[in-house]
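# Fold and geometry: a report
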Amino acid sequence: MSTRDSDRFETLAIHAGQQPDPMSGAVMTPVYLTSTYAQTGPGEHRGFEYSRTRNPTRDALQGCLAALEGGKHALAFASGLAASDAVFHLLSAGDHLVLSDDLYGGTYRLADKVFKRMGIEQSYIDVTDLESVEAAFKPNTKLLWIETPTNPMLKICDLKSLADICKRRSVISVCDNTFATPFFQRPLSLGIDIVAHSMTKYLNGHSDVVAGALVLQRDDLHEKLAFLQNAVGAVPGPLDCFLVLRGLKTLHVRMERHEENARKVAEALRGHEKVLRVTWPGLPDHPQHELAKKQMTGFGGMLTFVIKGGLPAARAFLKAVRIFTCAESLGGVESLVEHPAIMTHASVPAETRKKLGIDDGFIRLSVGIENAQDLVDDLLQALAKT
């Protein structure tokens, strides 16, 4: 089936980038388990030479990703951090990088422990404060990296305003859209240059693949990033591409249920005697709730709360849950719970965690698509045991 620009998200999720297999007519894109391709003569091929450079299964995935984000190009990688690494490789020694002060611990580790020693200057800024972001820019600033919602504090930043600031300064803007997904937010339409994803999370949605992606409009950036994708070689295998492509076909259905369940969980936790605060962009008391309503079409399945009693209470809670699984990662159909200070954000310095509010009682939930009341009941019984 051929898709059109006017086709809506649900149709694109199922059909974009994919055609029936030309040999057999198979409706589902085959898993092309091949490393190389026959050539009729030296340099005479059908567009495929070696699977690090191109693979038909990966091509189909990339075509679907581009359509869902409203982009012109997409590039798939072996992990979300491999995608981030490609973006940071756009920089050279002496360049300056501005990042959100609240971001995935792996992104922080990559920037701080790997690229800093390669001569990349870095500043970590509260990206909800536009004046602070602009003030942080220097003559050698080349790239701005942001998340919205941020991980784990779920702060929302103004994508259009940040994109405008970057354009005035000729700075490349990058948004990690993992939490929101293109179903709820499309940063390219707001002027962002590059959208990054950990496809491990919601895009795949079944906790059985590690993969990443970049989506963009600009031809010049695509040429540079495609070179890095091939030259560095951190590409996903064809089976992983097939699994993510399959996951994308239900992304819209899953995200609707994730959000529906997250709302019910957030409302159940609010006001509980053992809960200090609940943070979810869909709650009216979220500091950037109005901005979230403006630039997002939904609020996602991630929420956080702070339990009274600090680390002992948090440990007891995580051991008492029955349906929620204590595990890192997020975005699968199953509900997960974790303790960022010990788990996903342990690489972030303790003083930075404290400043952000990631304290000992801080808990992150990835609300799955199980029965909502069962999830609420599980959390309430676990709280009763703390």
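Here we summarise the structure given alongside this text. This is a predicted model, so every value here is computed, not measured. All chains use their own residue numbering, which begins from 1 and follows the written sequence. For a predicted model such as this one, the threshold for reporting local features is a pLDDT of at least 70, and the threshold for listing and counting side-chain atom pairs is 80 or more; totals across whole chains, interfaces and linings nevertheless cover every residue. The side-chain quantities take in all heavy atoms of the structure and omit both hydrogens and water.

### Some words on the packing of helix α2 (residues 56-69) against helix α9 (residues 238-248)
To keep things clear, this is the line we draw: With axes taken as lines fitted to C-alpha atoms, and helix axes fitted only over the stretch in contact, angles between N-to-C directions fall between 0 and 180 degrees. Helix and strand definitions here come from DSSP, where helices need a minimum of 4 consecutive H or I residues and strands a minimum of 2 consecutive E residues; each element is numbered from the N-terminal end. By the definition used in this description, the sense in which the near helix is turned from the far one sets the handedness, with an anticlockwise turn below a right angle giving left-handed and a clockwise turn giving right-handed. The contact criterion used is simple: two residues touch if any of their non-hydrogen atoms lie within 4.5 Å.
Between α2 and α9, the shortest axis-to-axis distance is 8 Å and the interhelical angle comes to 35 degrees. Between α2 and α9 lies a crossing whose hand is left-handed. Along the contact surface, α2 presents T57, R58, A60, L61, C64, L65 and L68, while α9 presents P238, C241, F242, V244, L245 and L248.

### Remarks on the sheet that holds strand β3 (residues 121-125)
Just so we agree on the cut-off: DSSP calls a pair of strands paired once it identifies at least 2 bridges connecting them.
A sheet is described by the order of its strands in space; here seven strands give the open sequence β1-β7-β6-β5-β4-β2-β3, paired in mixed fashion. Of all the strands in the sheet, just β1 (73-77) and β3 have a single pairing partner and so form its edges. Here the average twist between neighbouring strands, direction ignored, is 20 degrees. By the bridge criterion, three bridges tie strand β5 (residues 172-176) to strand β6 (residues 194-198) in an arrangement that is parallel. By the bridge assignment for β6, C175 is matched with V195. Across the sheet, α2 touches β1, β6 and β7 (212-216), and the angle it forms with β1 is around 125 degrees.

### Things to note about helix α6 (residues 159-169)
Keep this limit in mind: Burial classification: accessible surface area is computed with a 1.4 Å probe over protein chains only, and a residue below 20% of its type maximum counts as buried, one above 50% as exposed, and the rest as partly exposed. Summarising the geometry, the arc corresponds to the directions from the helix axis toward the C-beta atoms. The term polar contact refers here to a pair of N or O atoms within 3.5 Å; inside protein, the definition further demands a hydrogen-donor-capable atom paired with an acceptor-capable atom, and it admits residues adjacent in sequence only when both atoms are side-chain atoms.
Within α6 the residues assigned to the buried category are L159, L162, A163, I165 and C166. Down the axis of α6, the smallest arc covering the buried residues is 160 degrees, so these residues share one side. Considering only its buried residues, α6 is in contact with α5 (130-136), β4 (141-147), β5 and α11 (289-295). Capping the start of α6, D158 holds a side-chain oxygen 3.4 Å from the backbone nitrogen of K160, two or three residues further along. Among the residues trailing α6, S170 stands out with phi positive, at a value near 55 degrees.

### Brief notes about the pairing of β4
Using the following cut-off: Looking down the strands as they point away from the viewer, one classifies a crossover as right-handed if the path from the first strand across the helix to the second runs clockwise.
Buried residues dominate β4, accounting for six of its seven residues. Note that β4 and β5 share five bridges and pair parallel. Within the sheet, the bridge partner assigned to W145 lies in β5 and is V174. As for the winding sense of the linkage, the β-α-β connection from β4 through α6 to β5 is right-handed.

### So, the state of the cysteines
Where we set the bar: Any pair of cysteine sulfurs within 2.5 Å is marked as a disulfide.
Counted by the stated rule, this structure contains zero disulfides. Lacking any disulfide linkage, C166 is separated from the closest cysteine sulfur, that of C157, by 10 Å. Left without a disulfide partner, C175 is nearest to the cysteine sulfur of C157, which lies 6.2 Å away. Taking the relative accessible area as the measure of exposure, C175 reaches 0% and is therefore buried.

### Digging into empty space enclosed by the protein
Which entries qualify depends on this criterion: Both site types are read off a 1 Å grid over the protein atoms alone. A 1.4 Å probe that fits but cannot get out defines a cavity, while an open set with protein on both sides within 12 Å along at least five of seven lines defines a pocket; lining residues have an atom within 4 Å of a point. Grid points are joined across faces, edges and corners, and a volume is the space filled by probe spheres set on the points. For this scheme, ten residues count as nonpolar: Ala, Val, Leu, Ile, Met, Phe, Trp, Tyr, Cys and Pro. Four count as charged, namely Asp, Glu, Lys and Arg, and the remainder, Gly too, count as polar.
A complete count under the given rule lists two cavities of 30 Å³ or more for this structure. Of the volumes computed, that of the largest cavity is approximately 50 Å³. Residue lining of the largest cavity: P149, L154, F179, A180, P281, M296, F299, G300, G301 and M302, and that is the complete set. Counted by class, the lining of the largest cavity contains eight nonpolar, two polar and no charged residues. Taken as a whole, the second largest cavity encloses approximately 30 Å³ of empty space. In terms of lining, the second largest cavity is formed by Q18, M28, T29, F242, L245, R246 and K249.

### A closer look at the nonpolar core
This is how the line gets drawn: Joining through side-chain atoms within 4.5 Å is the link that ties buried Ala, Val, Leu, Ile, Met, Phe, Trp, Tyr and Cys residues into a set, and such a set is a nonpolar core.
L269, F305, F317 and L365 are the most contacted members of the largest nonpolar core, which totals 68 residues. Beyond its immediate chain neighbours, meaning those up to four positions away, F317 contacts F305, I307, V337, I363, L379, A382, L383 and T386. L75, V174, L214 and L216 belong to the second largest nonpolar core, which has 28 residues in total.

### Focus: the layout of surface pockets
Taken as a whole, the largest pocket holds about 410 Å³ of empty space. Lining of the largest pocket is provided by 18 residues; of these, P22, Y32, R46, F48 and P56 occupy positions nearest its centre. For the lining of the largest pocket, the per-class residue count stands at nine nonpolar, six polar and three charged. Of the voids in this model, the second largest pocket is the one considered here, and its volume is about 350 Å³.

### As for helix α4 (residues 105-115)
Among the 11 residues that make up α4, eight are buried, leaving the element largely enclosed by the rest of the structure. G105, G106, T107, Y108, L110, A111, D112 and F115 are the residues of α4 that are buried. Close packing links the buried residues of α4 with α3 (80-88), β2 (96-100), β3 and β4.

### Some thoughts on the pattern of salt bridges
Under the convention used in this document: Salt bridges are defined as contacts in which a side-chain nitrogen from Lys or Arg sits within 4 Å of a carboxyl oxygen from Asp or Glu.
Taken as a whole, this structure holds 17 salt bridges when the rule is applied. A salt bridge links K142 to D95; its shortest N-O distance comes to 3.1 Å. Separated by 47 residues along the polypeptide, K142 in strand β4 and D95 in the loop between α3 and β2 bring together distant segments of the chain. A relative accessible area of 34% places K142 in the partly exposed class. Connected through shared salt-bridge partners, D101, D126 and K155 make up one network.

Everything listed here is a matter of coordinates, which is why it stays silent on function.
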